[in-house]
Amino acid sequence: MDIFMQSVVGENRYSAQVFVGSSRPIYNGNQTSAVLRLKDDVWEFTYIKGRPIIHTPYTFNDLTSFLDFYAYLIIGYDYDTYDNLNGTPHFQKAADIASLGRSAGAKGWQPSTSGFSRLQLIEEILNARFAPVRSASFKYHFAGLDSLATAPELAYKNIREAIRMIGDVKRTADARNQIIRVFFDTKYKELAELFVGYTDPAVYFELATIDPTHQTTYEEYRKRSK
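Bringing the overall build of the protein into the picture now. Check the secondary structure of the protein and you find eight helices and three strands. Shown N-terminal to C-terminal, the secondary structure of the protein runs as helices and strands in the order β-β-β-α-α-α-α-α-α-α-α. Radius of gyration (C-alpha) of the protein: 19 Å, near the 17 Å computed for a compact globule of 226 residues. Across its three principal directions, the C-alpha atoms of the protein cover 60 × 35 × 30 Å. Looking at the protein as a whole, 44% of its 226 residues qualify as buried. When contacts within the protein are restricted to residue pairs at least 6 apart in sequence, those whose partners lie at least 24 apart make up 60%.

On to empty space enclosed by the protein. Throughout the structure, instances matching the rule amount to one cavity of 30 Å³ or more. Looking at the largest cavity, its volume works out to about 150 Å³. Together, 13 residues line the largest cavity, and Y77, V133, R134, S137 and F183 are the ones closest to its centre. Only helix 1 (64-80), helix 4 (131-142) and helix 6 (179-194) provide two or more residues apiece to the lining of the largest cavity.

Here we come to unusual backbone geometry. Positive phi is not limited to glycine here, since N12 has a value of about 60°. Positive phi outside glycine occurs at L85, with the angle close to 60°. Tracing the backbone shows L85 in the loop between helix 1 and helix 2 (88-103). Judged by relative accessible area, which is 30%, L85 ranks as partly exposed.

Bringing the pattern of salt bridges into the picture now. The full count for this structure, using the stated rule, is 18 salt bridges. Where D80 meets R134, a salt bridge forms, and the shortest distance between an N and an O atom there is 2.6 Å. Of this pair, D80 sits in helix 1 while R134 sits in helix 4, and the two are 54 residues apart along the sequence. Residues D80 and R134 agree in their burial class; the two are buried. Across the pair K187 and E190 runs a salt bridge, and its minimum N-O distance is 3.0 Å. Taken together, the residues K187 and E190, both in helix 6 and three residues apart, mark about one turn of the helix. Accessibility assignment for this pair places K187 and E190 in one class, buried. Here the residues in one salt-bridge network are R13, E44, D62 and K107, joined through shared partners.

Two strands pair when backbone bridges link them, and strand 1 (residues 2-10) and strand 2 (residues 13-25) are joined in this way by seven bridges, in the antiparallel orientation. Bridge pairing in strand 2 places G10 opposite R13. As consecutive antiparallel partners, strand 1 and strand 2 are separated by two residues, and within that stretch N12 has a phi angle of approximately 60°, a positive value.

Okay, a nonpolar patch on the surface next. Residues M1, I3 and M5 make up a contiguous nonpolar surface patch of roughly 270 Å² in combined accessible area. Along the chain, M1 falls in the segment before strand 1. For M1, a relative accessible area of 40% corresponds to the partly exposed category.

Tracing the backbone shows K226 in the segment after helix 8 (215-224). In this structure the C-alpha to C-alpha distance between K226 and Y198, which are 28 residues apart in sequence, comes to 9.2 Å.

Of all hydrophobic cores here, the largest spans 57 residues; its most connected members are F69, L73, Y77, I122, F184, L191 and F195. At eight residues, the largest contribution of residues to this core is made by helix 6.

As a further point, take the packing of helix 5 (residues 152-170) against helix 7 (residues 203-210). The interhelical angle for the contact between helix 5 and helix 7, taken along N-to-C directions, is 30°, at an axis separation of 10 Å. On the basis of the axis angle, helix 5 is roughly parallel to helix 7. For the pair helix 5 and helix 7, the crossing hand works out as left-handed. Residues R160, I163, R164, G167 and K170 of helix 5 touch helix 7, and the partners they reach there are V203, E206, L207 and I210. The class makeup of the residues in the contact of helix 5 with helix 7 is four nonpolar, one polar and four charged.

What counts and what doesn't
Residues numbered from 1 in each chain as written. Predicted model: local features only at pLDDT ≥ 70, side-chain atom pairs only at ≥ 80, totals over all residues. Heavy atoms only, no water. Helix = DSSP H or I, 4+ residues; strand = E, 2+ residues; numbered from the N terminus. Rg over C-alpha atoms; globule rule 2.2 N^0.38 Å. Buried < 20%, exposed > 50% of the residue type's maximum accessible area, 1.4 Å probe, protein only. Contact = heavy atoms within 4.5 Å. 1 Å grid on protein atoms, 1.4 Å probe; cavity = no way out; pocket = protein on both sides within 12 Å on 5 of 7 lines; lining within 4 Å. Points joined across faces, edges and corners; volume = space filled by probe spheres on them. Salt bridge = Lys/Arg side-chain N within 4 Å of Asp/Glu carboxyl O. Pairing = 2+ DSSP bridges. Patch = residues over 30% accessible without salt bridge, like charges linked within 9 Å, V, L, I, M, F, W, Y side chains within 5 Å. Areas by Shrake-Rupley, 256 points an atom, 1.4 Å probe, with all protein chains shown as cover. Core = buried A, V, L, I, M, F, W, Y, C linked by side-chain atoms within 4.5 Å. Axes fitted to C-alpha atoms, helices over the stretch in contact; angles between N-to-C directions. Parallel < 35°, antiparallel > 145°, perpendicular 65-115°, else oblique. Left-handed = near helix turned anticlockwise from the far one by under 90°. Nonpolar A, V, L, I, M, F, W, Y, C, P; charged D, E, K, R; others polar.

As far as function goes, none of this settles anything; it's purely spatial.
Here it is in C-alpha cells:
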C-alpha cells in the first residue's frame with residue numbers, strides 16, 4: 001500500500017489517497033503477475049502520534065478498519081487465483097468491515113454513484129451474479145498463466161476462455177460496475193503483452209470490445225504482434 005497524504009482536515013485528523021497493489025508468482029517461471037491494482041481517493045482517519053494501532057475486528061476505526069479491509073481484500077483476491085472462489089471467507093470479513101463503516105457514517109464507506117467505491121466493490125465480489133468474474137480469475141491464473149511454461153496451447157485457450165467469461169458478465173452488468181473495471185485496470189498491460197506473437201491477433205479486438213478503456217494499449221500491442 002502506497003499512502004499519499006493530502007491534507008490535515010482536523011486535529012490529529014488526515015486525508016489521504018492510497019494505491020493498493022498485490023501480485024503472486026507464476027508457476028514454473030521467474031515472473032510475477034499483478035493480482036490487484038486500485039487507487040482509493042477517499043480516506044480520512046485519526047492518528048495520534050505514539051498511540052498504539054490496535055486491530056479491532058468488531059468495532060469500526062477509521063484507521064485500522066481501512067487497513068484491515070484492504071488486507072482481507074488482498075488475501076481474498078490471492079486465494080481466488082489458486083482455487084475457485086476460495087477467497088470468499090476473507091472477502092466476507094472485508095464486507096463486515098465495510099458494513100461497520102457504512103453504519104458509522106464514515107466518509108468513503110458510503111454508496112457512491114461515481115468513481116471507486118469500497119462498498120460497491122465488495123458487494124459485487126460476494127454477489128452470485130459476478131461469481132463468473134472470480135471463476136475467470138482462477139482460470140486465468142491457475143489454468144492459464146501457471147500452465148504457460150508446460151502446456152502453452154492449453155494455457156492460452158484457458159486465458160481466452162477466462163476473458164470471454166468476463167465479457168459475458170459485462171454484457172448484462174451496470175456500466176458503473178467495479179469488479180470488472182478493477183480486473184482490467186490490473187491486467188490490461190499483462191494481457192496486451194501476453195498475446196504478442198500469438199497465432200490469432202484478433203484477440204486484441206476482443207479485448208478492446210470487452211475493455212474499451214484500454215483500447216489504445218491493445219491496439220499498440222496488436223501492431224507489434226504482426
